[in-house]
Amino acid sequence: MTPEPGSSGEMAVDGEAGRRPNGIAVLLHELMAQPMAGPLAALIIITLTFSLTTSTFFTIGNLSLLFQQSVVVGTLALGQTLIVLVAGIDLACGAILVFGTVVIGSLAAQNELLAMALGLLACLAAASINGIVITRFRLPPFIVTLGTLAVLAAVSRLYTRSQSYPISSDFLTILGTGPTSGLVTFTYGSMLWIVLTLVLSYLLNQTPWGVRVYAIGNSPSAARLNGIHVGRVAFSVYAFAGLFYFLAAWQALGRTPIADPSGYQTANLDAITAVVIGGTSLFGGRGGVAGTFVGALIVTVLKNGLTQAGIDSLYQQIATGILVVLAVGTDQYISRGRRS
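For the structure given in this document, a descriptive report is provided here. Keep in mind that what you see is a predicted model, and the values were worked out from it rather than measured.

### Let's talk about the nonpolar core
At step 1: With 83 residues, the main nonpolar core has Leu-76, Ile-96, Leu-97 and Leu-204 as its most contacted residues.
At step 2: Tallying contributions element by element places helix α11 (residues 230–255) first for this core, with 14 residues.
At step 3: In this structure, Leu-76 is in contact with Cys-93, Gly-94, Leu-97, Tyr-245, Ala-248, Ala-267 and Ala-271, ignoring residues within four places of it in sequence.

### Points about the packing of helix α8 (residues 188–206) against helix α13 (residues 289–308)
Any two packed helices are characterised by the angle at which their axes cross and by the distance between the axes.
At step 1: Relative to each other, α8 and α13 sit at 150 degrees, their axes nearing to 9 Å. Here α8 lies roughly antiparallel to α13, going by the angle between them. In contact with Trp-193, Ile-194, Thr-197, Leu-200, Ser-201 and Leu-204 of α8, α13 contributes Val-289, Phe-293, Ala-296 and Leu-297.
At step 2: Of the residues that constitute the contact of α8 with α13, the class distribution is eight nonpolar, two polar and no charged.

### Section: the environment of Gly-100
At step 1: Considering the arrangement of structural elements, one finds Gly-100 in helix α5 (residues 93–107).
At step 2: Here the alpha-carbon distance between Gly-100 and Gly-119, two residues 19 residues apart in the chain, equals 4.8 Å.
At step 3: Contacts of Gly-100, omitting those with residues within four sequence positions, involve Gly-119, Cys-123 and Ala-249.

### Regarding unusual backbone geometry
At step 1: Here the phi dihedral of Ala-87 falls at roughly 65 degrees; this positive angle occurs in a residue that is not glycine.
At step 2: For Ala-87, the position within the fold is in the loop between α4 (60–85) and α5.
At step 3: The class of Ala-87 is partly exposed, set by a relative accessible area of 40%.
At step 4: Unusually for a residue other than glycine, Ser-162 sits at a positive phi of about 60 degrees.
At step 5: Structurally, Ser-162 is set in the loop between α7 (141–160) and β1 (165–166).

### Topic: the side chain of Gln-68
At step 1: Counting through the fold element by element, Gln-68 comes out in helix α4.
At step 2: Overall, Gln-68 belongs to the buried group, its relative accessible area being 13%.
At step 3: Among the polar contacts made by the side chain of Gln-68, one reaches the side chain of Ser-64 at a distance of 3.2 Å.

Each value, and the rule that gives it
- Along each chain, residues carry numbers from 1 onward, in the same order as the chain's sequence is written.
- At least 70 in pLDDT is required for a residue's local features to be given in this predicted model, at least 80 for side-chain atom pairs to be given and counted, and no such filter applies to totals for whole chains, interfaces and linings, which use all residues.
- Side-chain numbers here rest on the full set of heavy atoms in the structure, without hydrogens or water.
- In these notes, a set of buried Ala, Val, Leu, Ile, Met, Phe, Trp, Tyr and Cys residues joined through side-chain atoms within 4.5 Å is what counts as a nonpolar core.
- Here's how the labels work: a residue is buried when its accessible area is under 20% of the maximum for its type, exposed when over 50%, partly exposed in between, all with a 1.4 Å probe on protein chains only.
- Secondary structure elements are taken from DSSP: a helix is a run of H or I of four residues or more, a strand is a run of E of two residues or more, and numbering for both begins at the N terminus.
- The contact criterion used is simple: two residues touch if any of their non-hydrogen atoms lie within 4.5 Å.
- Between N-to-C directions, angles span 0 to 180 degrees; the directions come from axes that are lines fitted to C-alpha atoms, helices contributing only their stretch in contact.
- Just so you know how the angles are binned, under 35 degrees is roughly parallel, over 145 roughly antiparallel, 65 to 115 roughly perpendicular, and the rest oblique.
- Ten residue types, Ala, Val, Leu, Ile, Met, Phe, Trp, Tyr, Cys and Pro, are classed as nonpolar, four, Asp, Glu, Lys and Arg, as charged, and the remainder, Gly among them, as polar.
- Whenever a nitrogen or oxygen atom comes within 3.5 Å of another N or O atom, the pair is scored as a polar contact, on the condition that within protein one atom can donate a hydrogen and the other can accept it, and that pairs from neighbouring residues in sequence are kept only if both atoms are in side chains.

What follows is the structure in structure tokens.
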């Protein structure tokens, strides 16, 4: 029997229809639940804002330049991501990068291969020492890496006597070159960044080592009870990060063919910003390198756009700092919501 208009049966059906979420609302909810949704939305909004407010931002040449500018911070941030996933932090990543460049630059004129080998050894040694001190003596990563930052900044200046080394070797600067089509240049450094992101994503998501990294970040005590050697895995993370710092140093020589002990002063802040904006939690155990890839682009787009708008570099640092605080605050809010 069909309910008459205005009857209680029809009202009940109307009430259920009113309470049932529509397809658009469900789709938006599912999209926002994805870890990459926030970083991608932020990147799109920032890009649109600068495209509408400046006439030089959204051009083929500038977009190509943006990607080239992202590779050093992006590769540095990959190593930082590993450390943050185990609830650590590395304030010395930029200083290790600079130390690697000056070691390479000081020996480049004598033997290129020897310079690269010793640069790799320097980066691995510095990162591994951090890992040993943190895991063996159980000191806070913030304090240990802050000390390493101060030491390496001084050592780099003492080693070079505060002088820079121009790099003329094609091999050492090869990552800054690549195939060019018109105004677009796709450098080998950019290719390397993409490959490293894909490889590290596979290692974190498809290997037992990656499972252990996430397990330690979520709960070191629970990981230990499940038979994971927490100290050994955590040390491997810091040592492995040193490899990414070395590759970032090589990319830096390609971007700017000069080894300067005072260069990349804000690289550590930029790398941490890229990691946090990309959705990796500073509390560990949540996030990944795909978000870091987008986060590095956000950091570069923000700086490039502010430069195109004629904003002073000091104000750009202020904007980056505010971005870090907002990202950490959002991460803490999300973490509290999950615990509740």
